[in-house]
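Chain by chain, the residues run as shown.
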Amino acid sequence: MFTVDPWRGNPKGLPIPRFGADMSKMSLKEVTVFSPATVANVACGFDVLGFAIEKPGDEIVVRRSDKPGFRITKITGDDGRLPLEPKLNTAGVAVLDLLRHLGLGDIGIEMEIHKKMPFGSGLGSSAASAVAGAFAVNHLLGEPLTRRQLLPFVVAGEAAADGAWHADNVGPCLLGGITLIRSNAELDVHNIPIPNNLWAAVVHPDIVVLTKVAREIMPRHVQLETAIQQSGNLGGLISGLYQNDYALIGRSLHDAIAEPHRQRLIPEFYRAKRAAMSAGALGFSISGAGPSVFALCEGEKVAQEVAKAVTEVFASVPIKATPYVSRINPKGVHVISEK
Ligand code: HSE
């Protein structure tokens, strides 16, 4: 089990304030938030790079209750897979840690989780729920913490699901856009500029890959040559994003660490990659732990063509696949209604 260290998320600053909730600011009764899917790793940034897309995403409703304590009252769209018990639920763990940190363990709050994205998909489903839960409760409490200060709580929530401490899904889901995690241990997380015409084509083949399993098949050590290639590409990608240099972005989108091992979990991976590159993708790889795949593209038209070509490859197997074509989502999690 991971414990939340209030210094995390603030590598250069003060610890996250405790007991920060101001009762006079708690005027809301109910808040609904939308929390988007994310693409982690982005080829060359294993565990340190991710971006948010517009759709799909989860919705969470939280409301104040006269009955003390935090409860999850309803979960929809999960085919009965997710536990209502907060201690065992990704969003529940994030909220419990947050409330404990704020000294509000007894406050009456009810939560409904509406899963609107596939489970075990590589689209950051557990991260989206953890972020939605903590963000919604923080908003309901009058925002005692900033978005950034929620990072350690949402990483703890996601870690409860996949057993590893990494912020490459929760970072972009919470902060929006493209985020680079300089250090997962310190939660030193940075937004990277989004080139204007950068689009993502994401395709989810209808099979399940558990992140835990996809992490277990990774080698514990990498060759020096591999580390050199990967760091060159990661630096190149970040530089390309800063400079709007699509050719440099394309040259950098290679994964020498995870893709060679994980591609076997995804039927027809290399055919899908060839189809994406022939349709004009800048680069193509696995989204997070898979089985979803993604391509970055210059312009919507190319992204639509890439998504279609990749979906057709999966359909030929046949595996049902769902395409999502999206700009990089600069907003991340946000409130859709409150009362
Ligand atoms: N970086 C993580 C992995 C993302 O690839 O295992 C999974 O959610």
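In case you missed it, the structure is sitting above this.
Residues numbered from 1 in each chain as written. Predicted model: local features only at pLDDT ≥ 70, side-chain atom pairs only at ≥ 80, totals over all residues. Heavy atoms only, no water.

Draft legend 1. Focus on a nonpolar patch on the surface. Where nonpolar side chains cluster on the molecular surface, the patch consists of Phe119, Val208, Leu210 and Val213 and spans about 310 Å² of accessible area. Following the sequence through the fold, valine 208 ends up in the loop between β7 (198-205) and α5 (211-216). (Patch = residues over 30% accessible without salt bridge, like charges linked within 9 Å, V, L, I, M, F, W, Y side chains within 5 Å. Areas by Shrake-Rupley, 256 points an atom, 1.4 Å probe, with all protein chains shown as cover. Salt bridge = Lys/Arg side-chain N within 4 Å of Asp/Glu carboxyl O. Helix = DSSP H or I, 4+ residues; strand = E, 2+ residues; numbered from the N terminus.)

Draft legend 2. View of the site of the ligand. Every residue lining the ligand is accounted for by Ala40, Asn41, Phe46, Asp47, His166, Asp168, Asn169, Thr211, Arg215, Arg262, Gly288 and Ala289. Asparagine 169 places a polar side-chain atom, nitrogen or oxygen, 2.8 Å from an oxygen atom of the ligand. The separation between an oxygen atom of the ligand and a polar side-chain atom of arginine 262 is 2.7 Å. When the ligand is considered free in solution it has 260 Å² of accessible area, and contact with the protein chains removes 96% of it. The residue makeup of the shell around the ligand includes at least three contributed by each of domain 1 (23-191 + 330-338) and domain 2 (198-327). (Near = heavy atom within 4 Å. Polar contact = N/O pair within 3.5 Å; in protein donor to acceptor, adjacent residues only side chain to side chain. Domains from an automatic or database assignment.)

Draft legend 3. Representation of unusual backbone geometry in the model. The peptide bond linking lysine 55 to proline 56 adopts the cis configuration, its omega dihedral lying at 0°. As for its placement among the helices and strands, proline 56 is situated in strand β2 (residues 49-64). At aspartate 47, a position not held by glycine, the phi torsion is positive, near 70°. Residue placement: aspartate 47 occurs in the loop between β1 (30-40) and β2. The backbone of aspartate 79 sits at a positive phi, close to 50°, despite the residue not being glycine. Relative to the helices and strands, aspartate 79 is located in the loop between β3 (70-76) and α1 (90-101). Residue aspartate 79 is classed as exposed on the basis of its relative accessible area of 71%. (Buried < 20%, exposed > 50% of the residue type's maximum accessible area, 1.4 Å probe, protein only.)

Draft legend 4. Inspection of the sheet that holds strand β9 (residues 293-298) at higher detail. Taken together, the four strands give an open sheet; going across it, the order is β8-β9-β7-β10, and neighbouring strands pair in antiparallel fashion. Of all strands in the sheet, those bounded by a partner on one side alone are β8 (283-286) and β10 (321-327). For this sheet the average axis-to-axis angle between neighbouring strands, irrespective of direction, equals 20°. Where β7 and β9 come together, six bridges link them in antiparallel fashion. Within β9, the position partnered with leucine 198 by the bridge is glutamate 298. Lying on the sheet, helix α9 (residues 269-278) is in contact with β8 and β9; it crosses β8 at an angle near 155°. (Pairing = 2+ DSSP bridges. Axes fitted to C-alpha atoms, helices over the stretch in contact; angles between N-to-C directions. Contact = heavy atoms within 4.5 Å.)

Draft legend 5. Looking closely at the nonpolar core. Ranked by internal contacts, the top residues of the largest apolar core, which has 76 residues, are Phe51 and Met111. If you tally residues by element for this core, the top one is helix α2 (residues 125-140), at ten residues. Residues from two domains meet in this core; each of domain 1 (23-191 + 330-338) and domain 2 (198-327) gives at least three. Excluding residues within four positions of it along the chain, phenylalanine 51 makes contact with Ala37, Thr38, Val39, Val42, Pro172, Gly177, Ile178, Ala200, Phe294, Leu296 and Ile328. One finds Trp199, Ile266, Ala275 and Ala295 within the second-largest nonpolar core, a separate group that totals 23 residues. (Core = buried A, V, L, I, M, F, W, Y, C linked by side-chain atoms within 4.5 Å.)

Draft legend 6. Representation of the packing of aromatic side chains within the structure. Counted according to the given criterion, the structure contains three aromatic pairs. Taken together, a centroid distance of 6.0 Å and an interplanar angle of 75° make the contact between phenylalanine 51 and phenylalanine 294 edge-to-face. Residue phenylalanine 51 is found in strand β2, and its partner phenylalanine 294 is found in strand β9; the two are separated by 243 residues along the sequence. When sorted by exposure, phenylalanine 51 lands in the same class as phenylalanine 294, which is buried. Seen in terms of ring centroids, phenylalanine 269 and tyrosine 270 are 5.2 Å apart; in terms of plane orientation they differ by 75°. Their pairing is edge-to-face. Three or more aromatic residues joined by ring pairs make a cluster, and in this case those are Phe269, Tyr270 and Phe284. (Phe/Tyr/Trp six-rings, centres within 6.5 Å; stacked < 30°, edge-to-face > 60°.)

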